[in-house]
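What follows is each chain in one-letter form.
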Amino acid sequence: DDVVPFLDAIRAASGIPILYVSHDLAEIARLAQRIVVLNQGRAVASGPIEDVLSDPAVVPFVGLRDAGAVLAGRIVGRADDGLTKLETPAGALWVPDVAGAPGSVARVRIPAQDVILSLHEPQNMSALNVLSVTVEQISSTGTGVMVGLKAGEARVLARITERSAKAMGLSSGDAIYAIVKTTAISSELS
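The residue numbering used here restarts from 1 in each chain and proceeds along that chain's sequence as written. The predicted nature of this model means local features are confined to residues of pLDDT at least 70 and side-chain atom pairs, given and counted, to a pLDDT of 80 or more, with totals for whole chains, interfaces and linings taken over all residues. Calculation of side-chain values draws on the structure's entire complement of heavy atoms; hydrogens and water are dropped beforehand.

(A) A look at the sheet that holds strand β3 (residues 68–78). For two strands to count as paired, DSSP must find a minimum of two bridges between them. Every helix listed is a DSSP run of H or I at least four residues long, and every strand listed is a run of E at least two residues long, numbered separately from the N terminus. Strands sit in the order β5-β4-β3-β6 across an open sheet of four strands; the sheet is antiparallel. Edge strands, defined here as strands with exactly one partner in the open sheet, are β5 (91–96) and β6 (105–111). Across the sheet, the mean angle from the axis of one strand to that of its neighbour is 45°, orientation sign disregarded. Lines fitted to C-alpha atoms define the axes, with helix axes restricted to the stretch in contact, and inter-axis angles between N-to-C directions lie between 0 and 180 degrees.

(B) Structural view of the nonpolar core. For our purposes a nonpolar core is just a set of buried Ala, Val, Leu, Ile, Met, Phe, Trp, Tyr and Cys residues, chained together by side-chain atoms within 4.5 Å. Only protein chains enter the area calculation, which uses a 1.4 Å probe; residues under 20% of their type maximum are buried, those over 50% are exposed, and those in between are partly exposed. By size, the foremost hydrophobic cluster in this structure holds 30 residues, and its most contacted members are Val115, Leu117, Val147, Leu149 and Leu170. Counting 13 residues, the second-largest nonpolar core is a separate cluster that includes Ala29, Ala32, Val52 and Val70.

(C) Examining the sheet that holds strand β8 (residues 129–140) more closely. The antiparallel open sheet is built from five strands, whose spatial order is β7-β11-β8-β9-β10. A strand with exactly one partner marks an edge of an open sheet, and here the two such strands are β7 (115–118) and β10 (154–160). This sheet shows a mean twist of 45° between the axes of neighbouring strands, independent of strand direction. In this structure, β8 lies alongside strand β9 (residues 145–151), joined through six bridges in antiparallel fashion. The residue of β9 that forms the bridge with Gln137 is Gly148.

(D) Region of interest: the pairing of β8. Pairing between β8 and strand β11 (residues 175–180): six bridges, direction antiparallel. Pairing of Leu131 across the sheet is with Ala178, part of β11. A loop of four residues connects β8 with β9, the two strands running antiparallel in sequence, and Gly142 in this loop sits at a positive phi of about 90°.

(E) The arrangement of helix α1 (residues 3–14) in detail. For α1, built from twelve residues, the straight-helix expectation of 16 Å at 1.5 Å per residue is met to within 8% by its first-to-last C-alpha distance of 16 Å. Contacts are assigned to residue pairs that have any heavy atoms within 4.5 Å of one another. Where α1 is buried, its residues contact α2 (25–31). Looking one or two residues past α1, Gly15 carries a phi angle of roughly 75°, positive in sign. Helices are assigned an expected span. That span is 1.5 Å times one less than the residue count.

(F) Quick look at the environment of Ala12. Mapped onto the secondary structure, Ala12 falls in helix α1. With a relative accessible area of 58%, Ala12 lands in the exposed category. Placed 19 residues apart in sequence, Ala12 and Leu31 show a C-alpha to C-alpha distance of 9.3 Å.

As structure tokens, this is what we get:
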């Protein structure tokens, strides 16, 4: 807990590339701009962290509970209730308080298991974040399905049951909605 903020500050201030090896996805999501996923000594995926972590094909290597998306956005404002509004490539998101001045960049993490899908635009609910998305890919996880979504210029993952995917009749190219509770978004990455 003491070392990661120090490494983050060095990375931000120096601009010098740092090679950081970790099994802790929260640390990786906080520090990395690019990621290489290794399995038994072989690279199975690499690229910008936003692309790699939101790829359903990477889920078997990072684990179901750690699967999710990392989004970078600009802070556009703060509400009196402690929430911060970010403008991301996926759309506007309300997130738990993020440090930084308006206009500065912050990153957030959205766990796939905390994304709810809807065929119709939801209304009158407690979740503040509703993204218009397109289904790109549906992959079986053995215990359910991982749905790869395109949200604006970003990618998001949703982990749902196979029963739900079948009941919704989901297929690639479908225009649907992704719902994310503000409290499910990790803003400790900024």
